[in-house]
Each structure stands twice: as C-alpha cells, then as structure tokens.
Amino acid sequence: MINQWGVEVPQQIIQEAVAVLRAGEVVGMPTETVYGLAGDARNPSALARIYAIKQRPEFDPLILHAATFEKVFEAVDTFPQKARALAEVFWPGPLTLILPKKSWVPDLATSGLPSVAVRVPAHPVAQTLLRKFDGFLAAPSANKFGRISPTTAGAVRAELGGEVPIVLDGGPCSCGIESTIVSFLEPEPRVLRWGALTLEQMEPVIGRIAFQEKADPRLAPGNIASHYAPRTPLKLWQETDPVETGLRIGLLALRVRPMDTPQRVGFAKRFHALRLLSPGGDLEEAAARFFQALRELDALGLDGIYAVPFPEHGLGRALNDRLCRAAHGTRVP
C-alpha cells in the first residue's frame, strides 16, 4: 500500500506486524499525530512490554486505538451524545475521548481507572494495521518516557533501537503533535490535553468545552509536569530577552520577526543553530515540524535551547503546553 506521503508499505510487512502483535510483542506504528508503540490492548503481557520499553510509570494510562467509530463501542460502557457528535465529525483523526470502560479492558491499560482513552487514527498505515489485526491496539508515543515524541520512523529506531521488532514507516506525521484529549466523565466536557485538534474546531460542534488546569496525570497521558523533554536544557525565551554569552545556544521559534530596532539587529547571529518552524507563521506547519526540529537541536550537543512561545490560540495552545513541560525543571547554564 502507498500512504499519503507516497511511502509504500508492503502488505507482507503489515502481515508480519500483525503476527508480531498477536504473539504479544510490539511494533512501531505511524499515526497522523506521532508514531506509537503499539501492542495488543487485550493482552496484559503486551501492555507490560510497552511500559517496560518506554520506562513508563504504570500510573500513566494508555490510549486504545480502533479502526472505526463502531469498533470503539466494544470498549466503552457509555457514549454520551456530545462525545458521539465530536467522534462523528473528527474520527478518524487526532481526537481522544475519555469514557467509562467495558470490564474486559485491562486495568494496566487504564492505570486501574474505570475509564478508558480511545481514538480512531486517520493514518492509512495505522488503519490497515488495525483492520487486519481486528482488535484494539494500545499505542503511546514510541519513545522513552518523558522524552521528545517521534514523528518519523527513523526517530523511533534511534530512540528504541532493537527493542521494537518492526517499525512501519509511514513517512513524517502530518499533524506532528499528539491528539487532543477530551473527557466525558462529568456532565461538562473537559479538555485534559491540548493537541492537534483545536478548541476552535470543537466548540462549534458541541458548544462550550472546559479546560482542566493541572489535570490529574492518572486520568490521561501527557499530563506529567516534565514531559516531551530534550536532554539539552530548554528555556522559554522572548526575542527581547538577553542571550547568554559564551554558550552554544540553539533557537526554536515559529519565525523571526523583522529586526526593526538597533538592539535586535543581528541577534539571530548569536545563536549556534536556528530552527524556524514556519516563515509564514502557519501554526499547522509549525506543529508538523515541532518535535523533529526539537530533536535536531537536541542532537547538536548544545549548552541550551531557547524556545519562543507560540500565539496562545489554535494549535499554539498545544505547542505552548509541550514547551512548558519540556522546560520544566531544567536550567540553561
């Protein structure tokens, strides 16, 4: 099969991946958001393997992936009308719903909670794998816990090496950041994690959606204070802030604004490396390039990375969330 990036994934490789999954092992699976480390959601041994490879704490729940909207009903106990409305519009796609779970869903997948995170990915390779597997795949990001999420097959191999028998190469992820997580465990829907689906897209469908500040990390993945982090110290930085002298510093930014004051002229030359995510200021383009750019800067052996916050609207909310967690607890020398 050929995916939307023109990358051919032979059916034989898909069949081999299905066999590996049915044997209780894991595979690297592309989605439109990030690459996932996929295992049979019904198999506690496969789930334990995911936690072990990622070095992930068991209080951090997993997301179950299904091929279709209809398949999700096998894993959830109730499906409120507003949740269905969102799913009908945005599935397949970068939307994860938190709903009461069916009894068969292993506690290891849900951190012992009575709820489960579910989504239907849009990537054609993920869709083919899920349909041929004919089940649910738990698939957190295919990286070590707390580190930069992978958006290419090469990043998965570099991060996890021989621990994953098969990594399906579906090309670069089109969204580039994780799914948006919305909980329907209370009367009012609540965003637990900003992601590739924006508030501006969702609210016209179901009305007001609340955001839970400092969501309990046991309710949904991606809510640990320090997460998505490079090994290089990262600092949130504004273009008017000073740059540390005598250090090799990289800059991550949406774009560089015109140098219209004497104090700012030439400031970019003070950085060892630049990663500008969208010269035109397009947040979708920036999101698609975000994790890969951060990974590239992290590989340069810098003393620190300065990251300019994004506009706090649309995908900027999710990107700023990733920056704040990546910077948490670190200090540029």
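Residues numbered from 1 in each chain as written. Predicted model: local features only at pLDDT ≥ 70, side-chain atom pairs only at ≥ 80, totals over all residues. Heavy atoms only, no water.

Peer 1: Is there a simple way to think about the overall build of the protein chain in this case?
Peer 2: Each helix and strand counted, the protein chain has 10 helices and 14 strands in total. Relative to a compact globule of 333 residues, whose C-alpha radius of gyration would be 20 Å, the protein chain shows 20 Å and is just as compact. If one aligns the C-alpha atoms of the protein chain with their principal axes, the spans along those axes are about 65 × 45 × 35 Å. Across the 333 residues in the protein chain, those meeting the buried criterion constitute 57%. For the protein chain, the computed accessible surface area is about 13500 Å², with 52% contributed by carbon and sulfur atoms. (Helix = DSSP H or I, 4+ residues; strand = E, 2+ residues; numbered from the N terminus. Rg over C-alpha atoms; globule rule 2.2 N^0.38 Å. Buried < 20%, exposed > 50% of the residue type's maximum accessible area, 1.4 Å probe, protein only. Areas by Shrake-Rupley, 256 points an atom, 1.4 Å probe, with all protein chains shown as cover.)

Peer 1: Explain the state of the cysteines here, please?
Peer 2: Defined simply, a disulfide is a covalent bond joining two cysteines at their sulfur atoms. Enumeration over the complete set of coordinates arrives at zero disulfides. As a non-bridged cysteine, Cys173 has Cys175 as the owner of its nearest cysteine sulfur, 8.3 Å distant. (Disulfide = S-S within 2.5 Å.)

Peer 1: Explanation requested: the pairing of strand S12 (residues 249–253) in the structure shown.
Peer 2: Each regular strand carries side chains that alternate between the two faces of the sheet. With five of its five residues buried, S12 lies for the most part within the structure. When S12 meets strand S14 (residues 304–307), the two strands line up parallel, connected through four bridges. Note on S14: the bridge partner recorded for Gly250 is Ile305. Here four bridges tie S12 to strand S13 (residues 273–276), and the two strands are oriented parallel to one another. Paired with Gly250 across the bridge in S13 is Ala273. (Pairing = 2+ DSSP bridges.)

Peer 1: Looking at this model, I keep getting lost on the pattern of salt bridges. Mind explaining?
Peer 2: Opposite charge on two side chains makes pairing possible when the charged atoms of those side chains draw close. As enumerated under the stated definition, the model contains 15 salt bridges in all. Across the salt bridge formed by Glu74 and Lys71, the nearest N and O atoms sit 3.2 Å from each other. Three or more residues are tied together by salt bridges with common partners; here these are Glu178, Asp321, Arg322 and Arg325. (Salt bridge = Lys/Arg side-chain N within 4 Å of Asp/Glu carboxyl O.)

Peer 1: In this structure, what is going on with empty space enclosed by the protein? I would like to understand it.
Peer 2: Regions of empty space are outlined by a rolling probe, equal in size to a water molecule, passed over the atoms. For the structure shown, the criterion picks out two cavities of 30 Å³ or more. If you add up the space inside the largest cavity, you get close to 260 Å³. What lines the largest cavity is a set of 28 residues, among which Ala139, Pro140, Ser141, Glu178 and Arg193 lie closest to the centre. Residue classes in the lining of the largest cavity are distributed as 10 nonpolar, 11 polar and seven charged. (1 Å grid on protein atoms, 1.4 Å probe; cavity = no way out; pocket = protein on both sides within 12 Å on 5 of 7 lines; lining within 4 Å. Points joined across faces, edges and corners; volume = space filled by probe spheres on them. Nonpolar A, V, L, I, M, F, W, Y, C, P; charged D, E, K, R; others polar.)

Peer 1: When you look at the nonpolar core in this model, what are you seeing that I'm missing?
Peer 2: When a protein is soluble and globular, its nonpolar side chains tend to lie buried together. In this structure, Phe79, Trp91, Leu97 and Leu252 are the most contacted members of the largest nonpolar core, which totals 76 residues. For this core, the leading source of residues is helix H9 (residues 283–298), giving eight residues. Filtering out sequence-adjacent residues up to four positions away, Leu97 remains in contact with Phe79, Ala83, Ala87, Trp91, Val116, Ala117, Val118, Val182 and Phe184. (Core = buried A, V, L, I, M, F, W, Y, C linked by side-chain atoms within 4.5 Å. Contact = heavy atoms within 4.5 Å.)

Peer 1: Would you explain the packing of helix H4 (residues 81–90) against helix H8 (residues 199–206) in this entry?
Peer 2: A pair of packed helices can be characterised by two numbers: the angle between their axes and the separation between those axes. Following both chains from N to C, one finds H4 and H8 inclined at 125 degrees, their axes separated by 9 Å at the closest point. The angle between H4 and H8 falls in the class oblique. Two packed elements cross with a definite hand, and for H4 against H8 that hand is right-handed. Across the interface between the two elements, Lys82, Ala85, Leu86, Val89 and Phe90 from H4 touch Gln201, Met202, Val205 and Ile206 from H8. Taken together, the residues of the contact of H4 with H8 break down into seven nonpolar, one polar and one charged. (Axes fitted to C-alpha atoms, helices over the stretch in contact; angles between N-to-C directions. Parallel < 35°, antiparallel > 145°, perpendicular 65-115°, else oblique. Left-handed = near helix turned anticlockwise from the far one by under 90°.)

Peer 1: Mind showing me how you'd approach unusual backbone geometry here?
Peer 2: Cis geometry marks the peptide bond from Trp91 to Pro92; its omega dihedral reads -10 degrees. Locating Pro92 in the fold gives a position in the loop between H4 and strand S4 (95–100). At Asp134, a position not held by glycine, the phi torsion is positive, near 60 degrees. Checked against the element boundaries, Asp134 lands in the loop between helix H6 (124–133) and strand S6 (137–138).

Peer 1: Mind showing me how you'd approach the sheet that holds strand S8 (residues 180–183) here?
Peer 2: Note: strands within a sheet are paired through backbone hydrogen bonds, in either parallel or antiparallel orientation. What the 10 strands build is an open sheet, ordered S7-S1-S2-S6-S3-S5-S4-S8-S9-S10; its pairing is mixed. A single partner strand is all that each edge strand has here, and the edge strands are strand S7 (166–167) and strand S10 (210–211). In this structure, S4 lies alongside S8, joined through four bridges in parallel fashion. Bridge pairing in S8 places Leu95 opposite Thr180.

Peer 1: It is not clear to me how the sheet that holds S13 should be interpreted in this structure. Could you clarify?
Peer 2: What the four strands build is an open sheet, ordered S11-S14-S12-S13; its pairing is parallel. Either end of the sheet is taken by a strand with one partner, and the two such strands are strand S11 (234–236) and S13. Across the sheet, the axes of successive neighbouring strands diverge by a mean angle of 20 degrees, strand direction being ignored.

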